[in-house]
Structures are given as C-alpha cells and as structure tokens.
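Each chain, letter by letter, is given below.
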Amino acid sequence: MLIVGGGLAGTTLAWTLHFRGQPFVLVDSGDPSSASRVAAGFVNPITGQRLALSWNYATFLAAAERFYTKVEVELNRSLFVRRPMVRLFQNELERDRFTRKAGTFGVTTGALHLDKSRFAAPLGGFELPDARQLHVAEYLRASHAFFGERVRVARIDPTTLAVGSDHLRVPEWNEAYRVAVFCQGAAGRANPLFDPLPFAPAKGEMLMLRIPGLNEDRIVNRGVWIVRESGDIYRAGSTYDRNRLDTTPTAAGRAEIETRLREFLQVPFEVVDHVAGVRPILDDRKPTIGRHPRWNSLALFNGLGSKGSLQAPYFAEQLANGLSNTGTIDADAGLAPPSEST
Ligand SMILES: Cc1cc2nc3c(=O)[nH]c(=O)nc-3n(C[C@H](O)[C@H](O)[C@H](O)COP(=O)(O)OP(=O)(O)OC[C@H]3O[C@@H](n4cnc5c(N)ncnc54)[C@H](O)[C@@H]3O)c2cc1C
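Residues numbered from 1 in each chain as written. Predicted model: local features only at pLDDT ≥ 70, side-chain atom pairs only at ≥ 80, totals over all residues. Heavy atoms only, no water.

1. Some details on the packing of helix α3 (residues 57-75) against helix α5 (residues 136-147)
In a pair of packed helices, the angle between the axes and the distance between the axes together describe the arrangement.
Phase 1 of the analysis: At a minimum axis separation of 11 Å, α3 and α5 run at an interaxial angle of 60°. The angle between the axes of α3 and α5 places the two elements in the oblique class. Seen along the crossing, α3 lies across α5 with a hand that is left-handed. Packed against α3, whose contacting residues are F67, Y68, V71, E74 and L75, the element α5 presents Y139, A142, S143 and F146 at the interface.
Phase 2 of the analysis: Across the contact of α3 with α5, the residue classes break down as seven nonpolar, one polar and one charged. (Axes fitted to C-alpha atoms, helices over the stretch in contact; angles between N-to-C directions. Helix = DSSP H or I, 4+ residues; strand = E, 2+ residues; numbered from the N terminus. Parallel < 35°, antiparallel > 145°, perpendicular 65-115°, else oblique. Left-handed = near helix turned anticlockwise from the far one by under 90°. Contact = heavy atoms within 4.5 Å. Nonpolar A, V, L, I, M, F, W, Y, C, P; charged D, E, K, R; others polar.)

If you want it as structure tokens, here you go:
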C-alpha cells in the first residue's frame, strides 16, 4: 500500500498496518506548516461555547488509548499524556450553561483552583482533569524514524499516477501498488483524482511564548489557551480563520492571540515564535475515509478537522478494515457514490 501524506492521518494508518503485519510505503513532502506539525494535540472532552461533550467521545478515546499505548511501547517514550485543562468562563451565558448542565457531561469535572496573581477569572470556571495531549510533532518524528526505509520524503503529483482498476503505477519510481491512500490534509483540496470534498478548512495561528516563572502545567483555556512546552516556554493559540487559507503567520493573528491572552494572563510574556497551519475540516465536521467510488486502487483519509489526535486511531482502524475487507466503515464516514457529472 502507498500512503500519501505523513501527518496524523497517514502516520496513524501506517502504524495500524504495521501492527497488522501489512506492508506499506509512506511518502511525505514534509511540509513544516502542515496542520499536524503545528497542532497542539489536545483531546478535550467538552468543547465550544455550547459546552457539549465531543462527538462519540468515549468510543474515540478508547481507540486512541489502545492505539497510542501500543505506539508508546514500540517507541519507548511517552506521547499521549494526561493534561488537565482549566476552562475559564468567557461570559455569563457560558457560566450559566455550565451550572445547568453540571453532572450531565459524562466526564469528570472539578472545581477551579487557580493562582489569582497569575490568572484573572472573574466569572470562574471549572477543571477537566481527564483532558489529554498528544505530542504530535514528536509522534510524527519518532514514528517516521522508526519506519526507516518505509518512509520517503517526496511530493507525489497525483496527475502523474497511472491509475488502473486493481493497481496504480508511480512512473517516477517505476513501482506499482494495489492501492494508494491519500492522507493529504488541507492539501487534498487540490487533488483532481477525487470529486471535490465539501471542505470548510480553517487557518489557525499559534504563538510560542517565554513566560518566566509562570510554572503552570495544566492547559488554561478561555477561548484561547496556553500550555507549557518546557521550562518557561509555552504555546498559545489559536485563531480560527475561514477566509485566508495560507500558512503565513499574520500580524492580525498574533495581535488577536496576545489581546485575548491578556484578558486572563496577569504576567508579562515575550513572543519567541509564531506559526500557522490549516485544519482540514469538512463541512459536516466528520472524517471521510474509504475507497474511491470508481477506482479500487485509490482511497482517502481526510477531514480530521480540529480533532485529529482523538479521531485518527479510530478511523485508521476502520479504514484498514475496509481496505482489507475485514470490517465495515461507518455509513457517515464513507466516500459518496460517484456524482452524475464525472
Ligand atoms: C493551529 C492548529 C491547532 C490545532 N490544535 C489541535 C489540537 O489541539 N488537537 C487536535 O486534535 N487537533 C488540532 N488541530 C487539528 C489537527 O492538526 C488536524 O486534525 C490533523 O493534523 C490533520 O492531520 P492530517 O494528517 O489529515 O493532515 P496534515 O497534518 O495536513 O498532513 C498532511 C501531510 O501530507 C503531506 N502531503 C500533502 N500532499 C502531499 C503530496 N502530494 N505528496 C506527499 N505528501 C503530501 C503534507 O506534507 C503533510 O505532512 C490543530 C490544527 C491547527 C492548524
């Protein structure tokens, strides 16, 4: 199998095949601004202003725990860690909603404990002790090193592939594969081999900060969040822009994060880096996986949106089952049948 794209989707599919003893070649263009390389990797059970339990949370989390534990054993390092999240209310509506819903979330919530000399929280908040963080960049780096010669740093141009019904050839390499799975994230918008997916991507910018003496290991989130990277270095983000879909950091993005951070962070900080990536969101906010409706030798894994760390293991497993005919793909995650026009 050829896997095109070595972000969260492609790398997680590669491990899933590895654990099944199935051969693969993973080709990745190594885009430093790919969503996976800039992602914070949070797994947050209660998201958004509606304070709703994340879709299918228990099922996805169980798959993620099983999967990352196996990878951690292979790579002999900790990658998927418990990282409590402090959620500060942004307005009274949010606070009232939380009070109304308290006890019905299906996950543990705790009382807010925060040092008022470092954080302002006039409306209060709550803690999610069971939030997680995947160290995404390290997961990718260490996985690709582990796969060794099965990983190639190159860009595949989909238009150069010779696509047949039961195999495809990569003329440049003079190699044939039974199937190529495209795991390109937001770059998949430009892949002409598939009918256009209903992409609704969102650019996200993120800052690296030096905050001497803050000494906070939890994620602190008030619409924008900060999380410790190591020592006095923290990440802070992120913006959500549906209009500008490039990966260039902007002054406006930086200003937005800094302003919103100052609304609750009481100590001075210095910006040491600034990055941006594009989240591969589909308009139903659910991943799409499976074989091409016409060409058996093509398949897709995309649409991880803002929740790749949580969802990639579950959908990689489903896709591997679907491709080997050992299981079915959830009806709402499968690729649509061919359109009338092509
Ligand atoms: C600022 C920001 C913060 C985020 N925070 C979180 C978070 O806290 N938690 C969370 O779960 N998710 C988060 N996300 C979302 C998460 O990053 C995505 O869900 C996930 O990374 C998508 O992974 P992917 O593999 O589908 O795509 P990508 O990460 O975009 O990977 C695609 C890969 O394919 C390669 N590629 C593309 N085309 C080709 C080609 N033709 N040939 C070869 N290689 C190719 C690219 O180089 C890239 O490596 C965040 C995203 C952003 C932008």
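After that view of the structure, there is still more to cover.
2. Let's talk about the packing of aromatic side chains
Phase 1 of the analysis: Overall, the coordinates contain 21 aromatic pairs when judged by the stated rule.
Phase 2 of the analysis: Their ring planes at 40° and their centres at 5.9 Å tell us that F89 and F126 sit as a pair that is tilted. Here the residue F89 occupies a position in the loop between β7 (85-88) and α4 (92-101), and F126 occupies one in strand β8 (residues 125-128), the gap between them amounting to 37 residues. There is no split in this pair, since F89 and F126 are both buried.
Phase 3 of the analysis: In this structure an aromatic cluster arises from ring pairing among W15, F19, F24, F67, Y68, F80, Y139, F146 and F147.
Phase 4 of the analysis: The side chain of K70 reaches across the aromatic face of F19, ending 4.4 Å from its centre. (Phe/Tyr/Trp six-rings, centres within 6.5 Å; stacked < 30°, edge-to-face > 60°. Buried < 20%, exposed > 50% of the residue type's maximum accessible area, 1.4 Å probe, protein only. Lys NZ or Arg CZ within 6 Å of the ring centre and 35° of its normal.)

3. Remarks on the pairing of strand β2 (residues 25-28)
Phase 1 of the analysis: Neither face of β2 is open: one carries V25 and V27, the other L26 and D28, and all of them are buried.
Phase 2 of the analysis: The pairing of strand β1 (residues 2-4) with β2 spans three bridges and is classified as parallel. Within the sheet, the bridge partner assigned to I3 lies in β2 and is L26.
Phase 3 of the analysis: Of the crossover connections in this fold, the one passing from β1 over helix α1 (residues 8-19) to the parallel β2 is right-handed.
Phase 4 of the analysis: For β2 and strand β10 (residues 151-153), the ladder comprises three bridges, and the chain directions are parallel. When the bridges of β10 are listed, D28 appears paired with V153. (Pairing = 2+ DSSP bridges. Right-handed = clockwise from strand over helix to strand, strands pointing away.)

4. Observations regarding the nonpolar core
One broad rule of soluble globular proteins: the nonpolar side chains tend to lie buried together.
Phase 1 of the analysis: Core analysis: the largest hydrophobic core is formed by 44 residues, its most contacted members being I3, L13, Y68, L134, Y139, V181 and F301.
Phase 2 of the analysis: At the level of secondary structure, the elements contributing two or more residues to this core comprise α1, α3, α5, β21 (298-302) and α7 (308-323).
Phase 3 of the analysis: Ranked by the residues each element gives to this core, the list is headed by α3, at nine residues.
Phase 4 of the analysis: Non-local contacts of Y139, meaning those with residues more than four positions away in its chain, are made with L8, T11, T12, W15, F67, Y68, V71, L79 and L134. (Core = buried A, V, L, I, M, F, W, Y, C linked by side-chain atoms within 4.5 Å.)

5. Section: the sheet that holds strand β19 (residues 270-279)
Phase 1 of the analysis: One open sheet accounts for seven strands, arranged β8-β7-β16-β17-β18-β15-β19; its pairing is mixed. A single partner strand is all that each edge strand has here, and the edge strands are β8 and β19. In this sheet, adjacent strand axes meet at a mean angle of 20° when their direction is disregarded.
Phase 2 of the analysis: The pairing of strand β15 (residues 202-210) with β19 spans nine bridges and is antiparallel. The residue bridging L209 from the neighbouring strand is V271, located in β19.
Phase 3 of the analysis: Packed on one face of the sheet, helix α6 (residues 251-262) meets β15, β16 (219-222), β17 (224-230), β18 (233-237) and β19 and runs near 60° to β15.

6. Brief notes about the sheet that holds strand β11 (residues 162-163)
Phase 1 of the analysis: Pairing is antiparallel across the open sheet formed by three strands, whose spatial order is β11-β12-β13. What marks the edges here is a single partner per strand, and that holds for β11 and β13 (175-177).
Phase 2 of the analysis: In this sheet, strand β12 (residues 168-170) lies alongside β11 in antiparallel orientation, the contact comprising two bridges. For A162, the partnering residue across the bridge sits in β12 and is R169.

7. Comments concerning the pattern of salt bridges
Proximity of charged atoms lets side chains of opposite charge pair with each other.
Phase 1 of the analysis: In this structure the tally under the stated criterion is 21 salt bridges.
Phase 2 of the analysis: Between R82 and D130 there is a salt bridge, and its shortest N-O distance comes to 2.5 Å. In this pair, R82 is assigned in strand β6 (residues 80-82) and D130 in the loop between β8 and β9 (132-134), connecting sequence segments 48 residues apart.
Phase 3 of the analysis: According to the relative accessible area criterion, D130 is partly exposed, its value standing at 29%.
Phase 4 of the analysis: The residue E175 makes a salt bridge to R152 at a minimum N-O spacing of 3.1 Å. Of this pair, E175 sits in strand β13 while R152 sits in strand β10, and the two are 23 residues apart along the sequence.
Phase 5 of the analysis: Its relative accessible area of 26% is what places R152 among the partly exposed residues.
Phase 6 of the analysis: Each of E127, E216 and R218 takes part in one network of salt bridges that share partners. (Salt bridge = Lys/Arg side-chain N within 4 Å of Asp/Glu carboxyl O.)

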